[in-house]
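Take a look at the letters that make up each chain.
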Amino acid sequence: IATRKASCSSTKTKEETILYEGDEARGFHLAAGSTYIYPTNYPLRQYQANITRTALFKNTLVSLPTGLGKTFIAAVVMYNFYRWYPRGKVVFMAPTRPLVAQQIKACHYIMNIPVGDTTEMTGMNNSDQRRTLWKEKRVFYLTPQVMVNDLKSGLCPPELIKCIVFDEAHRAVKDYAYCQVVKLMAASGGQYRTLALSATPGSDIHAVQQVIRNLNITMLEIRGEDSMDVSPYTHSRSVENIVVELSPNILRVKEDFLQIYDKYARRLKDYKAFSNNIAFLSKFQVLKACERFRNNPPRGISATLLGSLISDFTVCISLAHSLELLQSYGLRAFHSYLTYESGEKCKAAVSRMKSDEDLQKMLTHLGEILFPKPGSHIPYTWGHPKLQKLVAVITEHFKSSDEKNEETKVIVFCQYRIVVNEIVDILKKCPKIKPTIFVGQSGGKEKGMPQVKQIQIMKDFREGRLNCLVATCVAEEGLDIGEVDLILLMETQKSPVRFVQRLGRTGRKRRGRCVVLVTKGKELEKFHAAMAARKAYVNNIVNSDVIKSSLRQYTPSMIPINFAPEQQLVHINATELISPAQPIKNKQTDIRKCFGLQKSPFLSAEQLNEIKVVNEKLELNLERLPKRIEMWHRAFDKKMPLEELLDKNISILSHWNDWNLEKQATTLVSHSNGTDILCHLLQLSRNTKKLNDMFQNCENPETIIINDTSNKKIPENREKVKRQQPLENDENQVKVKKGRKYKKEN
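Residues numbered from 1 in each chain as written. Predicted model: local features only at pLDDT ≥ 70, side-chain atom pairs only at ≥ 80, totals over all residues. Heavy atoms only, no water.

Named according to an unreviewed UniProt entry, the chain is Putative conserved plasma membrane protein originating from Panstrongylus lignarius. Taken directly from UniProt, the Subcellular location (unreviewed entry) text for the chain runs: "Nucleus". We quote the UniProt Sequence similarities (unreviewed entry) comment for the chain here in full: "Belongs to the DEAD box helicase family. DEAH subfamily. FANCM sub-subfamily." (UniProt positions renumbered as here; feature names shortened; annotations may be inferred.)

Colleague: I'm lost on the overall build of the chain in this one. Help?
Modeller: Regarding its fold elements, the chain presents 28 helices and 17 strands. For the chain, the residues scored as buried account for 46% of the 746 residues in total. Looking at the chain alone, contacts between residues at least 24 apart form 73% of all its contacts between residues at least 6 apart. Counting only carbon and sulfur atoms, one obtains 52% of the accessible surface of the chain, whose full area is about 40,700 Å². (Helix = DSSP H or I, 4+ residues; strand = E, 2+ residues; numbered from the N terminus. Buried < 20%, exposed > 50% of the residue type's maximum accessible area, 1.4 Å probe, protein only. Contact = heavy atoms within 4.5 Å. Areas by Shrake-Rupley, 256 points an atom, 1.4 Å probe, with all protein chains shown as cover.)

Colleague: Just checking my understanding: could you explain the pairing of strand 4 (residues 118-121) for this structure?
Modeller: Residues in a regular strand point their side chains to alternate faces of the sheet. When strand 4 meets strand 5 (residues 139-142), the two strands line up parallel, connected through four bridges. Pairing of M121 across the sheet is with L142, part of strand 5. The β-α-β motif built from strand 4, the intervening helix 6 (residues 127-136) and the parallel element strand 5 has right-handed crossover chirality. (Pairing = 2+ DSSP bridges. Right-handed = clockwise from strand over helix to strand, strands pointing away.)

Colleague: Looking at this structure, I do not really get the pattern of salt bridges. What am I missing?
Modeller: Where charged atoms from two side chains of opposite charge approach closely, those side chains can pair. Evaluated as defined, the whole model comprises 20 salt bridges. R513 is the partner of E240 in a salt bridge, and the nearest nitrogen-oxygen pair spans 3.1 Å. With E240 in strand 9 (residues 237-244) and R513 in strand 14 (residues 512-519), this pair connects stretches of sequence that are 273 residues apart. E240 gets classed as partly exposed once you look at its relative accessible area, which sits at 30%. The partly exposed category is assigned to R513, whose relative accessible area is 26%. (Salt bridge = Lys/Arg side-chain N within 4 Å of Asp/Glu carboxyl O.)

Colleague: Can you walk me through the environment of V393 in this structure?
Modeller: Relative to the helices and strands, V393 is located in helix 16 (residues 385-403). Here V393 falls in the buried class, since its relative accessible area comes to 11%. Note: C-alpha distance between V393 and V515 (122 residues apart in sequence) is 8.7 Å. Sequence-distant contacts of V393, that is, excluding residues within four places in its chain, are made with I242, L486, L488, R513 and V515.

Colleague: When you look at the packing of helix 11 (residues 283-295) against helix 12 (residues 303-328) in this model, what are you seeing that I'm missing?
Modeller: A pair of packed helices is captured by two measures, namely the crossing angle of their axes and the spacing between those axes. Running from N to C, helix 11 and helix 12 cross one another at 170°; their axes reach a closest spacing of 8 Å. Viewed along their axes, helix 11 and helix 12 adopt a mutual orientation that is roughly antiparallel. Taken together, the residues of helix 12 that come into contact with helix 11 (itself represented by K283, V286, L287, A289, C290, F293 and R294) are L306, L309, I310, F313, C316, I317, A320, H321 and E324. A per-class count over the contact of helix 11 with helix 12 returns 12 nonpolar, one polar and three charged. (Axes fitted to C-alpha atoms, helices over the stretch in contact; angles between N-to-C directions. Parallel < 35°, antiparallel > 145°, perpendicular 65-115°, else oblique. Nonpolar A, V, L, I, M, F, W, Y, C, P; charged D, E, K, R; others polar.)

Colleague: Please explain the packing of aromatic side chains as it appears in this structure.
Modeller: Aromatic ring pairs are reported here in terms of the distance separating the ring centres and the angle at which the planes meet. Taken as a whole and judged by the stated rule, the model has 20 aromatic pairs. Between the aromatic rings of Y36 and F57, the centroid separation amounts to 6.4 Å while the plane-to-plane angle is 85°, which identifies the pairing as edge-to-face. Residue Y36 is found in strand 1 (residues 35-39), and its partner F57 is found in helix 3 (residues 46-57); the two are separated by 21 residues along the sequence. Residue class for Y36 comes out buried when judged on its relative accessible area of 2%. (Phe/Tyr/Trp six-rings, centres within 6.5 Å; stacked < 30°, edge-to-face > 60°.)

Colleague: It is not clear to me how the sheet that holds strand 7 (residues 193-198) should be interpreted in this structure. Could you clarify?
Modeller: The seven strands are arranged 4-5-3-6-7-2-8 in an open sheet whose pairing can be described as parallel. A strand with exactly one partner marks an edge of an open sheet, and here the two such strands are strand 4 and strand 8 (219-222). In this sheet, adjacent strand axes meet at a mean angle of 15° when their direction is disregarded. The sheet strands contacting helix 4 (residues 70-84) are strand 2 (60-63), strand 3 (89-93), strand 5, strand 6 (161-166) and strand 7, and the helix crosses strand 7 at an angle near 165°.

Colleague: I would appreciate a short explanation of the nonpolar core in the present structure.
Modeller: A general feature of soluble globular proteins is that nonpolar side chains tend to end up buried together. Counting 69 residues, the largest nonpolar core has F274, F313, L390, V412, I423 and L427 as its most contacted members. Counting residues per element, this core draws most heavily on helix 12, which supplies 12 residues. Here this core gathers at least three residues from each of two domains, domain 2 (237-244 + 384-537) and domain 3 (248-370). Here I423 is in contact with L387, L390, V412, C414, V470 and M490, once residues within four sequence places are set aside. The next biggest cluster of nonpolar side chains, apart from the first, holds 49 residues, and it includes Y85, F92, L99 and V165. (Core = buried A, V, L, I, M, F, W, Y, C linked by side-chain atoms within 4.5 Å. Domains from an automatic or database assignment.)

Colleague: Just to check I follow, could you spell out the packing of helix 7 (residues 144-153) against helix 8 (residues 177-188) for this structure?
Modeller: With their axes 9 Å apart at the nearest point, helix 7 and helix 8 run at an angle of 30° to one another. Between helix 7 and helix 8, the crossing angle belongs to the class labelled roughly parallel. Helix-helix and strand crossings are classified by hand; for helix 7 and helix 8 the assignment is left-handed. Residues P144, Q145, M147, V148, L151 and K152 of helix 7 pack against A177, Y178, Q180, V181, L184 and M185 of helix 8. Within the contact of helix 7 with helix 8, the residues separate by chemical class into nine nonpolar, two polar and one charged. (Left-handed = near helix turned anticlockwise from the far one by under 90°.)

Colleague: Could you clarify how one ought to interpret the environment of L220 in this entry?
Modeller: For L220, the location among the structural elements is in strand 8. Considered as a pair, L220 and I51 are 169 residues apart in the sequence and their alpha carbons are 9.6 Å apart. Once residues lying within four places of it in the same chain are set aside, the contact partners of L220 are L61, I541, I547 and L551.

Colleague: Could you clarify how one ought to interpret helix 6 in this entry?
Modeller: It helps to recall that an α-helix has 3.6 residues per turn; residues three or four apart then point in one direction. Among all positions in helix 6, only R130, L133 and W134 are buried. Burial along helix 6 is one-sided: seen end-on, the buried residues are contained in an arc of 100°. Opposite its buried face, helix 6 presents the exposed residues D128, K135 and E136, each directed more than 90 degrees away. On the buried face of helix 6, the contacting elements are strand 3, strand 4, strand 5, helix 7 and strand 6. Among the residues of helix 6, the N-terminal cap falls to N126, whose side-chain oxygen and the backbone nitrogen of D128 are separated by 3.2 Å. (Arc of directions from axis to C-beta. Polar contact = N/O pair within 3.5 Å; in protein donor to acceptor, adjacent residues only side chain to side chain.)

Colleague: Help me understand the state of the cysteines, please; the structure alone is not making it clear to me.
Modeller: Two cysteines, two sulfur atoms, one covalent bond between them: this is a disulfide. Scanning all chains against the criterion turns up zero disulfides. The closest cysteine sulfur to the non-disulfide-bonded C414 is located on C468, 9.9 Å from its own sulfur. (Disulfide = S-S within 2.5 Å.)

Colleague: What's the story with a nonpolar patch on the surface in this structure? I'm lost.
Modeller: Side chains of I677, L681 and L684 sit close together on the surface and give an oily, nonpolar patch of about 290 Å² of accessible area. Within the element layout of this structure, L684 appears in helix 27 (residues 673-697). A relative accessible area of 45% means that L684 is categorised as partly exposed. (Patch = residues over 30% accessible without salt bridge, like charges linked within 9 Å, V, L, I, M, F, W, Y side chains within 5 Å.)

This is the structure we're talking about:
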């Protein structure tokens, strides 16, 4: 260190003389780097301290059960790199915007990273705003798509990035945005510390191997709920399954449907495309069979016949999915999928199914039973026995909690939105249950849920205004949705990743319960396979030679040679976090939001300050309406002198009539139909007033034509006035004949 300091030029500033200049850690602060800060404002857990030390010095993949402090470790690592590299930048990436917003708050209250150096960047920020933020800020929370775009466009300086956190790192497979970020950073030659976080690093050994290679991981820190250093901090979660059998209605519909299905699969069977009974084929199996058949068609088959068989495959894929919906979710999900056009279905398949008389006849009959007309007195038909069990379990859970005088919350997980809607409609009829839908932002042809609404629902759920969340997979990963006592799964997931993610929503601070509703048969077998995979999941990864051989041998040092920072325990006093203002997409839109219904017709002090900020802090007097004369001459001279703008006199809306006769020039927005109607009515009113004024002064008028665009006075001799120019609009022409008689009629 002394040698490095001595080599510094005497012209350098005091700050520059304490920054390391070696290639392995250029810009490292030698004074701050003698220690790393570990917070004591949270309970000390030895496994967290051990993992944090590893993550500071090596590229690490951290896998901990949900609720055991992955974000805590990330915040400590980020803060220390923020200290060690005063000119460097730290990035936290999460796959969704709600996750990004949540992590900002969590990291702030753990390590109190200065708010002035922190920012959240989303697609709402334009390129100029993001370029400014990359120059001025040092800690960034964003989605990987934003990071990829800014690296490609040159907005993000890769040489200044010193630490990147990858949340939900199990997504780093194939060409996901996380993988693109790593490739772009490698191309720039920058060195940075990698910290990858996930409750489940991959669905199998091969997936974990991909994540390790794609993120350049050199150390794997993985714990299960049964790990010795973690088990004291976990709460038990009971997992139970409720097995149901298909109802007679479902079995009857299934039998009729298989006959229709067989019509499209018959030719494919003849060509040996299917080896199993279609009743047991999943959508995925049919899709794979189609790929094999397309890549290796039978010899001698013509192109026309091949195209016809592929068309049969597309229909079979949709029918196989329909059969899965029928058996796992019931009649309404089955009917909705086949009745309404879905983005998942091929247009050719939809066309063929619509022209199938047998299928349409079956759907029509089923629709009459499921959705009876008002007054038909047809009893309610349960779509699936699972739904009856679900209502019984949730009702009993809330009844038990009410008897104990305890507040409780429930989450129901479904794979498809059509099932989510059906469950919410059913639960709304149950007492003491306040359910809501929670789905993702993008839904193809289906309208997704905006981020603002997602955040509001999570807040209402945490604070108890809602007590039952019916969600798709969007609620599986990382979202802070508070304490949940009961999880219900409408289907079983063979993948341990999704099963563990869903299970991790409960049992965080007290004992949790998970109920899996399964149909007897194939789905029950899948449940037993998922439970076995979950138990052996951690051991299989830890003991895998394939995983050990996949770990990278090289990791960037990021610490000067022969430098060993020591742990320093510090109690962090976090300040109150004030959420940053959202970027303004359209100034006019934001201003108009201030003009809601008020007790007073004028702006409040807060609204006035907001508009002043939007208008670059000009001292404007916006608490008055301009006088008519001000607005009229503004059409010719748009400049408004300061004394006129600051005039305290108050005008009224009726003084605006001359101004509102014609549509004025606009910026960014166009006139509405209401504006057209207002202008027309004001012009008609003025013309009517002119007529009344004329007839008051004219006792025996002749036929008179009034041009709306003319300001000429009526001659005293009361002779007919001829039009000098053609009328611009026939609607503005008022023709008067027989003056006294016409006046009397009006």
